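# Breakdown of the fold
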Amino acid sequence: MTFKRIGLAAAAAVVLAGSFAAAAPVAAQEQFVPLLVYRTGPYAPNGIPLADGFNDYMQLINLRDGGINGVKYAWEECETQYNNDRGVECYERLKANGPTGASIINPYSTGITYALIERATNDEIPVLSMGYGRADASDGTVFPYVFTLPITYWAGADVMVQYAKKESGGSLAGKKIALVYHDSAYGKEPIATLERLAKEEGFQFSTYPVAHPGLEQKATWLQIGRQLRPDWVFMWGWGVMNSTAIKEAAAVGFPMEKFMGIWWSGAEADVAPAGDSAKGYKSLNITGVGTSAPVFQDIEKMHADGKGIADKANIGTVLYNRALVNAFFYTEAIRVAQGEFGEKPLTGEQIQWGFEHLDITQARIDEVGMTGLLSPVKITCGDHEGGGSAVVQQWDGTKWTAITDFIAPRRDALRSAYESSAAQYAKEKGITPRSCS
Amino acid sequence: MFYREAGQFKTSYVADQSIFPIRQDRIALALFGLVAVLAVPVLASNYFLETIFVPFLVFALAAVGLNILTGYCGQLSLGTGGFMACGAFFSYKLAIGFPELHIVLVFLLAGLGTAAVGVLFGLPSLRIKGFYLAVATLAAQFFLVWMFNKFGWWTNYSPSGVISAPPRAVLPGLNVTGAGADPAVKYLFLLIFVAFLALVAKNLVRSRIGRSWMAIRDMDIAAEIIGIRPLWAKLSAFAVSSFYIGIAGALWAFVYTGSVEALAFQIDRSFQVLFMVIIGGLGSILGSFLGAAFIVLLPILLSNAPAMLGLSIRVETVSHLEFMIFGALIIFFLIVEPHGLARLWQIGKEKLRLWPFPY
Amino acid sequence: MNPTALRFGFWMLAAPLMIAAIGLGIQGLATANSTMFFTWAFFLEVLLAGLLQGVLYSLVALGFVLIFKASGIFNFAQGSMVLFAALTMVGFIEMGLHWTLAFVVTAGVMVILAVVVEKVVLRPMVNQPHIILFMATIGIFYFLDGFGQTLWGSDVKVLDIGITKESIFILEGVFEGGILVNGFDLVAALVGAALVAALAVFFQYTRVGRALRAVADDHQAALSVGIPLKTIWAIVWSVAGIVALVAGIMWGSKAGVQFSLALIALKALPVLILGGFTSIPGAIVGGLIIGAGEQVAEVFFGPLVGGAIQDWFAYMLALAFLLFRPQGLFGERIIERI
């Protein structure tokens, strides 16, 4: 009885103490970045290397360069478990941290991005949704605070079709292409673009939705492998759906070389469970793979000195590199903004200016030692996508290797698609698009 | 000593049947109301208002709805997520289709629509009982989420299937939806709305309908024998419950998150509301509020605890510990007081009546 | 004759007839609506794949049935027990043990877990209403989730114990091209069948099994005959834990051992409901019906409504059966008393 009473009293006291959220103190001369990560939960195998990449790059900038022109990074991780509610809570708690507030938000979750776009625009904090989120946010006149560089899902679909066309001898007329997709906002993104391309290129396009979380794909692959027998299968999967799809595809005997996933279906965690049957599986990637770029020597040295934060096994993996490039993008944006506003911690509004004047050329990429990790991007007020490209990579059983150069999507039709979708959003929300002259 | 009703005489039946017959209760409630309406919006930070009070109120409403069905009528329901999705999408279509309609009317109409859906999925309850009934509601859950996901009409054919709440004002100039809404305005609107609906619920469960629900819960064959029609009682429980849950879903989509896709109302949501109801106390309106507070606050508290205590623990360890402590706390509470937090509150009040005497 | 055996026999005869009828029905629809694809070979392929998948569901459902039978609790934590068992086994394999040894050690871990659960959770909550006990198992679910991830990490783990992944073609003489059957699914089905047979023997012919059945019938009567209730509960949870381990191995080999494995329990729910909460043959039959029905519906009717209907179709199927038999196909008839 006494234990019961004491236990109850203690529990009551703790709960009543409330959630007086105390965030870590940030020094006056530091640029604060909140890191929304998912190191636990169903997508942890993908979230861990992403978080590691961010941590390592910001640590590298602080230690190797002494910060960006003397302004060091301060960051705090917040666990979202890939859950929208948590993501919003993390954002609200951390957005005012640091001398100038949060610099940037990269939630790495389409759901959280959708939830945060309005809030971040209101709070004037740029959202960097690199290769995920709303594709139509590439229209900077309607989405001033969202940046989708270097490439969006719709553009990725175009790249896949281009590659398939090249592999099919230059023409897709009469061929059959199937899309296996996660039945959610994320998975449905490319359908409109692929339907348009089907009309243009003359291929037959079929869609196969997979219910969340994607553990059940027998029926889907029986239909694809035994009934439709397409020439190409594209996949927009995430998490356990990817590995299950590869296994089921192998079980029905679908050739792996004709199976291509988007960049979120092309990480080590996706192919490892399938083992040998995944050999030959292809996917897109927005960043280069491996550790050949010169910047990795600095990272290795940092780890050798014991100052590295990431798990060493993750260095050079697909998602680690992606986070590295992501961190590089906003570092460059801050650098450009500092050129305009001075070498001090900047506000979100100023960093947004920096983003809109971002011009990363191949020369600059070589200068910072990231050759081969990314393609040049140039962002303007109206174009928040930046004209980046994607590369096709293939799994050989032990690692990913790029089998093409960076392929550029054909952006004219894509641009008008972005603009019309963004215009519909603006109409629904009652937003007046700003002018970008 | 203080909490006594000596000297308080009731001179009318109406006064005798009031919800808070003891004057001290009414004073406490009035004080609480004053604090909630006047002090909190002014003193609490935007973070508190936006991420703690707003979801608490929305989930409290959903918990009240589920409590009516599971706690008062005894029909186990796991379809809460699907009904919340109904409320959200119905109100979206109404708000977009009839832009002049006041937002409160939109919510109420969406609730009525959800009530109709709830009655439809409640029909199997006339034949199936107990845990097996959970399957009918699960069918509702999965089917509804699939329906809203699959058919573009619900999301105005947006390419990604996400609905974004249009900005609407409850009084001219006071937006409660959309990004420009002031958190204090949102909080006050929700407070008044939810308090009003909870009052309606409290009166419903104390009325003849509520008693028929409780009779069905306790022993449905005996209830039928004494003349309570099970069809009417069960379906009305489903209808009222879905009404509340639908409005909660609409509020969640419009006032709290602003944009939502059908997948946000998955089975986890149903379990979350069920936990609130069970931890808070089945068959108690106050319990719904307490349970909602527990489930909304505890994860936030646990994830902030290391920072509060000054420890620096890795983020994923904190997250794992959160799961473990959450599970352990549920078990602890159930061992200590299986009837939920509302029963603890009741015991507290009883002890207070006798204070300073032990018995 | 034993009513369960009669019922079993009836379904064994009726099932092929129903399958033929459904096939003919779909063929009729396909000829009427020429966009639908139907060949008997493909239909049988889908059906077979569904049946095998159904056995995998039954493996998970078995754990639920065991615990519900003996203690009347619906064990929500079964999903996370499957995950925890698979994680532990992979952990031991990674430490260097051969998989058979790892299996034995993990089985031991599950026994310890069962004893702890019985002492800490079940004993203080004797005689509480079922919904409270259900809630307690939810608490165990969260605790095991966090605990498993703390011990073994959140990365996806590969579980490979050498089960073939090759697909084979059968009946090549009868149907052109043959019918594709996945080797892994076949092995999993055999394992499931073996497990069910073992459990049936255990319940029918051993002392402990009889004691378990006595406890399932009536706690008080069992107590009065001298059966130690608490020990029986610990045994039941251990057996359920080992069943979870087998299910975890099968599913983990299929999909990789990761957090999403805990969601398997949701797929097993319609099986449980259809077969009846208290029946082991019900879990098997329910699994077969749900598995086959799900796949056939998804492949042949899914495209008509946009696809991805597996989830709700399984529940609708279970619901349809429940309307005719409110306690599941093989469940105990609910006798209402006032």
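Details of the structure are given in the entry above.
This is a predicted model, so every value here is computed, not measured.

### Looking at the sheet that holds strand S9 (residues 282-285) of chain A
Strand pairing in a sheet relies on backbone hydrogen bonds, with the paired strands running either antiparallel or parallel. Residue and element names in this part refer to chain A. One open sheet accounts for seven strands, arranged S6-S5-S7-S8-S9-S12-S13; its pairing is mixed. Whereas interior strands pair on both sides, the edge strands pair on one side only; in this sheet they are strand S6 (204-210) and strand S13 (400-402). Between one strand and the next, the sheet's axes are offset by a mean angle of 25 degrees, whatever the strand orientation. With four bridges joining them, S9 and strand S12 (residues 391-395) adopt antiparallel strand pairing. Note that in S12 the partner of Asn 285 across the bridge is Val 391. On top of the sheet, helix H5 (residues 153-167) reaches strand S5 (176-182), strand S7 (232-236), strand S8 (259-261), S9 and S12; it is set at about 135 degrees to S9, its chief contact.

### Re the nonpolar core
Core analysis: the largest hydrophobic core is formed by 394 residues, its most contacted members being Leu61(B), Leu251(B) and Val82(C). Broken down by element, the residue count for this core peaks at 20 residues, all from helix H2 (residues 40-71) of chain C. With near-sequence residues (within four places) excluded, Val82(C) lies in contact with Val60(C), Ala244(C), Ala247(C), Gly248(C), Trp251(C), Leu261(C), Ala262(C) and Ile264(C).

### So, the interface of chain C and chain B
Listed by partner, the interface residues are 42 residues for chain C and 34 residues for chain B. Only helix H5 (130-152), helix H10 (264-275) and helix H12 (310-324) of chain C provide two or more residues apiece to the side of chain C that touches chain B. Examining the composition of the side of chain C that touches chain B, we find that 15 residues originate from one element, H5(C), more than from any other. Looking at the side of chain C that touches chain B residue by residue, the class counts come to 31 nonpolar, eight polar and three charged.

### What to know about the packing of helix H4 (residues 80-97) of chain B against helix H10 (residues 230-257) of chain B
Residue and element names in this part refer to chain B. Between H4 and H10, the shortest axis-to-axis distance is 7 Å and the interhelical angle comes to 60 degrees. Relative to H10, the element H4 lies oblique. At the point where H4 passes H10, the crossing takes the right-handed sense. Here H4 contributes Thr 80, Phe 83, Met 84, Ala 85, Cys 86, Gly 87, Ala 88 and Ser 91 to the contact with H10, which in turn contributes Ser 242, Ile 245, Gly 246, Ile 247, Ala 248, Gly 249, Ala 250, Trp 252, Ala 253 and Phe 254. Of the residues in the contact of H4 with H10, the class split is 12 nonpolar, six polar and no charged.

Rules and cut-offs
Residues numbered from 1 in each chain as written. Chains lettered and ligands numbered in written order. Predicted model: local features only at pLDDT ≥ 70, side-chain atom pairs only at ≥ 80, totals over all residues. Pairing = 2+ DSSP bridges. Helix = DSSP H or I, 4+ residues; strand = E, 2+ residues; numbered from the N terminus. Axes fitted to C-alpha atoms, helices over the stretch in contact; angles between N-to-C directions. Contact = placed C-beta atoms within 7 Å. Core = buried A, V, L, I, M, F, W, Y, C linked by C-beta atoms within 7 Å. Buried ≥ 20, exposed ≤ 12 C-beta atoms within 10 Å, placed from the backbone. Nonpolar A, V, L, I, M, F, W, Y, C, P; charged D, E, K, R; others polar. Parallel < 35°, antiparallel > 145°, perpendicular 65-115°, else oblique. Left-handed = near helix turned anticlockwise from the far one by under 90°.

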